[in-house]
Amino acid sequence: MRAIQYAAPRSVDDALAVLQEAGSNARILAGGTDLIVQARTGLRETEFFVDAKRIPDLMELTFDPERGLTLGAAVPCHRIYAEEAVRRHYPALCDAASLIGGTAIQGRASVGGNLCNSGPAGDSIPALIAHGAMARIASPRGERELPVEEFCTAPGRNVLEPYELLVSLQLPAPAARSGSRYLRFIPRNEMDIAVVGAGAYFAVSEAGRITAARVALGAVAPTPLFVPEAGESLIGKAPGEAAFAEAAEIARNAARPITDMRGTAEHRKHLAGVLTRRALQGAWERIES
Ligand SMILES: Cc1cc2nc3c(=O)[nH]c(=O)nc-3n(C[C@H](O)[C@H](O)[C@H](O)COP(=O)(O)OP(=O)(O)OC[C@H]3O[C@@H](n4cnc5c(N)ncnc54)[C@H](O)[C@@H]3O)c2cc1C
């Protein structure tokens, strides 16, 4: 057995001070569904848990029609999909939050933790990218913001420097006629991580033409993959099978997966195309409904 120190700061400033004092082995604890497992198995060296759940900025979940959604980094999944504004305006995020683990895991697990764990198959990350989310990061030197697609740098690694923490995610207000969908493929109907995941968002003008679109994939590269050219291919087109198939082919070609116990590279590439097409179709059905 190993002793672990624990602190529960009440503000971002206090958390930063604790992180600095505790040194490089301190880690932020959100839901702990990755961290506690990794600490127990020795996958992550840590001697100090800094609990995020008492910090109001990290537990904020607010929607403003102008600013969009502010999602505190430690807000658990069950609060996300229970929120009417999120269900209505950010459905791909709800799709992802309701897929992570099962009900018990969703009671603890946060989208911020999913992002900071930075797994290539993290379900919330393609959904965040599809929605154009920005990550707000605090450090002793001040704050910075960056697009979520630039956050992960390698499997299990990200842009966070020592003594930095993710405060929140800012998702822009979606356009009036817009929709989104996140889908993943797993081989069984049980808890598993995605063999491939795809998130898609697009907006349609009154004239029925696509005005903005974003597509992102999970588990097909060392980091979750933004595929801007798939979204760009849709601009100016009418939503429908032909446009979706073309974007899906672009996403398929952008995927650079590996073969592992969950699937072959070839299978994953195929799935990247299929899931992109279905995610776009699903987003369209939501716009029409
Ligand atoms: C049974 C089971 C099933 C699972 N199923 C899925 C699944 O289907 N899909 C999926 O994507 N994942 C799955 N996971 C993994 C995990 O539940 C998710 O990644 C979850 O979203 C992590 O969130 P958390 O709040 O528990 O993070 P934590 O475990 O608390 O943190 C994860 C990592 O991020 C760091 N961190 C957390 N918050 C911050 C912050 N604000 N600033 C800086 N660093 C931070 C921590 O230090 C740690 O390194 C599963 C896990 C289990 C145990």
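Residues numbered from 1 in each chain as written. Predicted model: local features only at pLDDT ≥ 70, side-chain atom pairs only at ≥ 80, totals over all residues.

Here we look at the sheet that holds strand β13 (residues 210–218)
Now for step 1: A sheet is described by the order of its strands in space; here 4 strands give the open sequence β11-β12-β13-β14, paired in antiparallel fashion. In the strand order of this sheet, the two ends are held by β11 (178–185) and β14 (225–226), each with one partner.
Now for step 2: As paired strands, β11 and strand β12 (residues 196–204) are joined by 8 bridges and run antiparallel to one another. Looking at the pairing, S178 lines up with A203 of β12.
Now for step 3: Against the sheet, helix α11 (residues 265–288) contacts β11, β12 and β13, and its axis sits at roughly 145° relative to β11. (Pairing = 2+ DSSP bridges. Helix = DSSP H or I, 4+ residues; strand = E, 2+ residues; numbered from the N terminus. Contact = placed C-beta atoms within 7 Å. Axes fitted to C-alpha atoms, helices over the stretch in contact; angles between N-to-C directions.)

Observations regarding unusual backbone geometry
Now for step 1: Not every positive phi belongs to a glycine, and S118 is a case in point at roughly 60°.
Now for step 2: Among the secondary structure elements, S118 is positioned in the loop between α7 (111–117) and α8 (124–130).
Now for step 3: A tally of 22 C-beta atoms within 10 Å means that S118 is categorised as buried.
Now for step 4: The phi torsion at Y163 lies on the positive side, around 70°, for a residue other than glycine.
Now for step 5: Judged by the 20 C-beta atoms lying within 10 Å of it, Y163 falls in the buried class. (Buried ≥ 20, exposed ≤ 12 C-beta atoms within 10 Å, placed from the backbone.)

Considering the sheet that holds strand β2 (residues 26–29)
Now for step 1: Across the sheet, 3 strands lie side by side as β1-β3-β2; this open sheet has parallel pairing. One side of each edge strand has no neighbouring strand; the edge strands of this open sheet are β1 (5–7) and β2. Within the sheet, the average angular offset between the axes of one strand and its neighbour, ignoring direction, is 25°.
Now for step 2: Sitting on the sheet, helix α1 (residues 12–22) touches β1, β2 and β3 (48–51), and the angle it makes with β3 is about 175°.

Description of the domain arrangement of the protein
Now for step 1: Domains assigned within the protein are domain 1 (5–51), domain 2 (56–171) and domain 3 (178–288).
Now for step 2: When each unit is reduced to the centre of its C-alpha atoms, the spacing between domain 2 and domain 3 is 20 Å.
Now for step 3: Of the residues lining the interface, 24 residues belong to domain 2; the matching set on domain 3 comes to 25 residues.
Now for step 4: Elements supplying a minimum of two residues to the side of domain 2 that touches domain 3: α5 (91–97), α8 and β8 (152–154). (Domains from an automatic or database assignment.)

A closer look at the site of the ligand
Now for step 1: What surrounds the ligand is a group of 33 residues, the closest being A30, G31, G113, N114 and C116.
Now for step 2: For the shell around the ligand, the secondary structure elements donating two or more residues are β2, α2 (35–41), α7 and β10 (165–171).
Now for step 3: The element best represented in the shell around the ligand is α7, accounting for 5 residues. (Near = placed C-beta within 6 Å.)

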